[in-house]
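# Residue-level structural notes
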Amino acid sequence: MTLPSVPGPYFKSDSPERGNFIDAKSDGHPITLEGRVLSRSCQPVAHALLDLWHADQDGLYDEDGFRYRGHIYSDAQGRYTFHTIEPAVYPGRTRHFHFKVQAPGRSVLTTQLFFPGEPRNHVDQLFRPQLLMNISDAPKLMSAQFDFVVDA
(Lines give C-alpha, C1' and ligand atoms only; values in the text may rest on other atoms or scores of the structure.)
Protein backbone atom coordinates (compact mmCIF):
# COMPACT_ATOMS: atom_id res chain seq x y z
CA MET A 1 0.00 0.00 0.00
CA THR A 2 1.32 3.45 -0.88
CA LEU A 3 2.18 5.44 2.24
CA PRO A 4 -0.20 8.27 3.10
CA SER A 5 0.98 11.79 3.84
CA VAL A 6 -0.61 15.12 4.75
CA PRO A 7 -2.34 17.17 2.04
CA GLY A 8 -0.63 20.36 3.16
CA PRO A 9 -2.32 23.76 3.33
CA TYR A 10 -2.73 24.30 -0.42
CA PHE A 11 -5.26 21.67 -1.49
CA LYS A 12 -8.31 23.04 -3.33
CA SER A 13 -11.34 20.93 -4.18
CA ASP A 14 -13.09 21.01 -7.56
CA SER A 15 -9.93 20.98 -9.66
CA PRO A 16 -10.46 20.88 -13.43
CA GLU A 17 -10.33 17.53 -15.22
CA ARG A 18 -7.07 17.75 -17.17
CA GLY A 19 -3.73 16.02 -17.32
CA ASN A 20 -1.78 18.74 -19.13
CA PHE A 21 -0.75 21.67 -16.93
CA ILE A 22 1.65 23.25 -19.45
CA ASP A 23 0.62 26.70 -20.69
CA ALA A 24 2.24 29.72 -22.36
CA LYS A 25 3.41 31.03 -18.97
CA SER A 26 5.03 27.72 -17.89
CA ASP A 27 8.65 28.57 -17.25
CA GLY A 28 9.80 25.45 -15.42
CA HIS A 29 11.51 22.28 -16.61
CA PRO A 30 8.82 20.10 -18.30
CA ILE A 31 8.10 16.73 -16.74
CA THR A 32 5.88 13.84 -17.75
CA LEU A 33 4.64 11.94 -14.69
CA GLU A 34 3.14 8.54 -15.37
CA GLY A 35 2.48 5.20 -13.78
CA ARG A 36 -0.30 2.89 -12.76
CA VAL A 37 -2.87 2.55 -10.02
CA LEU A 38 -2.81 -1.00 -8.67
CA SER A 39 -4.73 -2.95 -6.05
CA ARG A 40 -2.95 -4.69 -3.16
CA SER A 41 -3.03 -7.85 -5.30
CA CYS A 42 -1.24 -5.96 -8.13
CA GLN A 43 -4.32 -5.78 -10.36
CA PRO A 44 -4.87 -2.60 -12.40
CA VAL A 45 -7.48 -0.23 -11.00
CA ALA A 46 -9.56 1.29 -13.79
CA HIS A 47 -11.20 4.71 -13.43
CA ALA A 48 -9.29 5.64 -10.26
CA LEU A 49 -9.35 9.36 -9.54
CA LEU A 50 -5.90 11.01 -9.46
CA ASP A 51 -5.89 14.62 -8.22
CA LEU A 52 -2.50 16.39 -8.53
CA TRP A 53 -1.36 19.80 -7.28
CA HIS A 54 2.07 21.36 -6.83
CA ALA A 55 4.09 24.55 -6.58
CA ASP A 56 5.25 26.44 -9.65
CA GLN A 57 8.84 27.13 -10.78
CA ASP A 58 9.13 29.80 -8.07
CA GLY A 59 7.85 27.61 -5.21
CA LEU A 60 4.41 29.26 -5.15
CA TYR A 61 0.95 27.66 -5.24
CA ASP A 62 -1.88 29.26 -7.20
CA GLU A 63 -4.42 29.98 -4.48
CA ASP A 64 -6.70 32.04 -6.74
CA GLY A 65 -7.04 29.62 -9.65
CA PHE A 66 -6.04 26.13 -10.71
CA ARG A 67 -2.60 26.56 -12.23
CA TYR A 68 -0.65 23.32 -11.70
CA ARG A 69 -3.77 21.63 -10.38
CA GLY A 70 -6.03 19.08 -11.97
CA HIS A 71 -7.40 15.58 -11.93
CA ILE A 72 -7.73 12.66 -14.33
CA TYR A 73 -8.92 9.05 -14.19
CA SER A 74 -6.80 5.98 -14.78
CA ASP A 75 -7.51 4.00 -17.95
CA ALA A 76 -8.70 0.37 -18.13
CA GLN A 77 -5.15 -0.85 -17.38
CA GLY A 78 -4.80 1.51 -14.41
CA ARG A 79 -2.42 3.84 -16.27
CA TYR A 80 -2.23 7.61 -15.79
CA THR A 81 -0.16 10.44 -17.31
CA PHE A 82 0.32 14.09 -16.32
CA HIS A 83 2.30 16.71 -18.27
CA THR A 84 3.53 19.53 -16.04
CA ILE A 85 6.69 21.22 -14.78
CA GLU A 86 9.19 20.35 -12.10
CA PRO A 87 8.04 22.19 -8.95
CA ALA A 88 10.52 24.38 -7.09
CA VAL A 89 11.54 23.97 -3.48
CA TYR A 90 10.26 26.47 -0.95
CA PRO A 91 11.10 27.19 2.71
CA GLY A 92 10.93 24.07 4.85
CA ARG A 93 10.16 21.67 1.98
CA THR A 94 11.96 19.60 -0.60
CA ARG A 95 10.71 19.25 -4.19
CA HIS A 96 7.43 17.27 -4.27
CA PHE A 97 4.04 16.60 -5.83
CA HIS A 98 0.78 16.28 -3.87
CA PHE A 99 -1.74 13.58 -4.79
CA LYS A 100 -5.15 12.30 -3.84
CA VAL A 101 -5.85 8.87 -5.33
CA GLN A 102 -9.17 7.08 -5.04
CA ALA A 103 -10.30 3.76 -6.49
CA PRO A 104 -14.01 3.79 -7.40
CA GLY A 105 -16.14 3.58 -4.25
CA ARG A 106 -13.14 3.39 -1.91
CA SER A 107 -11.46 5.75 0.53
CA VAL A 108 -9.08 8.48 -0.64
CA LEU A 109 -5.32 8.07 -0.34
CA THR A 110 -3.62 11.43 0.22
CA THR A 111 0.12 11.37 -0.29
CA GLN A 112 3.16 13.18 -1.68
CA LEU A 113 5.76 12.05 -4.21
CA PHE A 114 9.42 13.03 -3.98
CA PHE A 115 12.40 13.45 -6.31
CA PRO A 116 15.51 11.32 -5.70
CA GLY A 117 18.83 13.01 -5.02
CA GLU A 118 17.35 16.26 -3.75
CA PRO A 119 19.65 17.92 -1.18
CA ARG A 120 16.67 18.89 1.00
CA ASN A 121 15.15 15.39 1.20
CA HIS A 122 17.02 14.67 4.44
CA VAL A 123 15.75 17.84 6.18
CA ASP A 124 12.09 17.72 5.07
CA GLN A 125 10.12 16.11 7.91
CA LEU A 126 7.49 14.81 5.47
CA PHE A 127 9.97 13.09 3.14
CA ARG A 128 9.65 9.28 2.92
CA PRO A 129 12.00 7.23 0.73
CA GLN A 130 9.10 4.88 -0.11
CA LEU A 131 7.50 7.79 -2.00
CA LEU A 132 10.43 8.46 -4.34
CA MET A 133 9.64 8.58 -8.04
CA ASN A 134 11.85 6.95 -10.64
CA ILE A 135 13.31 9.83 -12.64
CA SER A 136 14.90 10.01 -16.07
CA ASP A 137 16.11 13.51 -16.90
CA ALA A 138 16.93 14.97 -20.29
CA PRO A 139 17.62 18.60 -21.22
CA LYS A 140 14.20 19.14 -22.79
CA LEU A 141 11.98 16.78 -20.80
CA MET A 142 12.13 15.01 -17.47
CA SER A 143 10.25 11.75 -17.07
CA ALA A 144 8.98 10.46 -13.72
CA GLN A 145 7.30 7.16 -12.89
CA PHE A 146 5.37 6.02 -9.81
CA ASP A 147 2.86 3.22 -9.28
CA PHE A 148 0.23 3.79 -6.58
CA VAL A 149 -1.05 0.81 -4.61
CA VAL A 150 -4.49 1.40 -3.10
CA ASP A 151 -7.39 -0.45 -1.53
CA ALA A 152 -9.61 -1.43 -4.43
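Residues numbered from 1 in each chain as written. Predicted model: local features only at pLDDT ≥ 70, side-chain atom pairs only at ≥ 80, totals over all residues. Heavy atoms only, no water.

## Brief notes about the packing of aromatic side chains
The condition that has to hold: Ring pairs are drawn from Phe, Tyr and Trp, using the six-membered ring of Trp, whenever the two centres fall within 6.5 Å, and their geometry is named by plane angle: stacked under 30 degrees, edge-to-face over 60, tilted for the rest. Here a helix means four or more residues in a row that DSSP labels H or I, a strand means two or more in a row labelled E, and each is numbered from the N terminus. The buried label applies to any residue whose accessible area, calculated with a 1.4 Å probe on protein chains only, is under 20% of its type's maximum; exposed applies above 50%, and partly exposed to all values in between. The criterion for a charge sitting over a ring is simple: Lys NZ or Arg CZ within 6 Å of the ring centre, and within 35 degrees of the ring normal.
Taken as a whole and assessed by the stated rule, the structure comprises 12 aromatic pairs. Relative to F99, the ring of F82 lies with its centre 5.8 Å away and its plane at 70°, an arrangement referred to as edge-to-face. Here F82 is found in strand β4 (residues 79–85), whereas its partner F99 is found in strand β5 (residues 96–102), with 17 residues between them in sequence. Accessibility assignment for this pair places F82 and F99 in one class, buried. Judged by centre distance (5.1 Å) and plane angle (65°), the ring pair of F146 and F148 falls under edge-to-face. As far as the burial class goes, F146 and F148 line up, both buried. Connected via pairs of aromatic rings, a cluster forms that spans F21, Y80, F82, F99, F146 and F148. A cation over a ring is seen here: K12 above F66, with NZ or CZ 4.2 Å from the ring centre. In this structure, K100 is placed above the aromatic ring of F11, and the distance from its NZ or CZ to the ring centre is 4.8 Å.

## Structural notes on the side chain of T110
Which entries qualify depends on this criterion: Whether two residues touch is decided by their heavy atoms; if any such pair falls within 4.5 Å, the residues are in contact.
Summarising the element assignment, T110 is placed in strand β6 (residues 109–114). Using a relative accessible area of 13% as the deciding quantity, one classes T110 as buried. Residue contacts for T110: discarding those within four places in its chain leaves P4, S5, V6, P7, F99 and K100.

## A few points about the nonpolar core
Rules: The term nonpolar core refers to a set of buried residues drawn from Ala, Val, Leu, Ile, Met, Phe, Trp, Tyr and Cys, joined through side-chain atoms within 4.5 Å.
Core analysis: the largest hydrophobic core is formed by 29 residues, its most contacted members being L50, Y80, F82, F97, F99 and F148. Secondary-structure elements contributing two or more residues to this core are β1 (30–39), β2 (49–53), β4, β5, β6, β8 (142–145) and β9 (148–150).

## Focus on unusual backbone geometry
One can expect most non-glycine residues to show negative phi and most peptide bonds to be in trans. Phi at D14 takes a positive value of approximately 65°, unusual for a residue other than glycine. Within the secondary structure layout, D14 lies in the segment before β1. Taking the relative accessible area as the measure of exposure, D14 reaches 70% and is therefore exposed. Its identity as a non-glycine residue notwithstanding, Y68 has a phi of 60°, on the positive side. Turning to its location among the elements, Y68 is positioned in the loop between β2 and β3 (69–73). By relative accessible area, which is 1% here, Y68 ends up buried.

None of this, on its own, says anything about what the molecule does.
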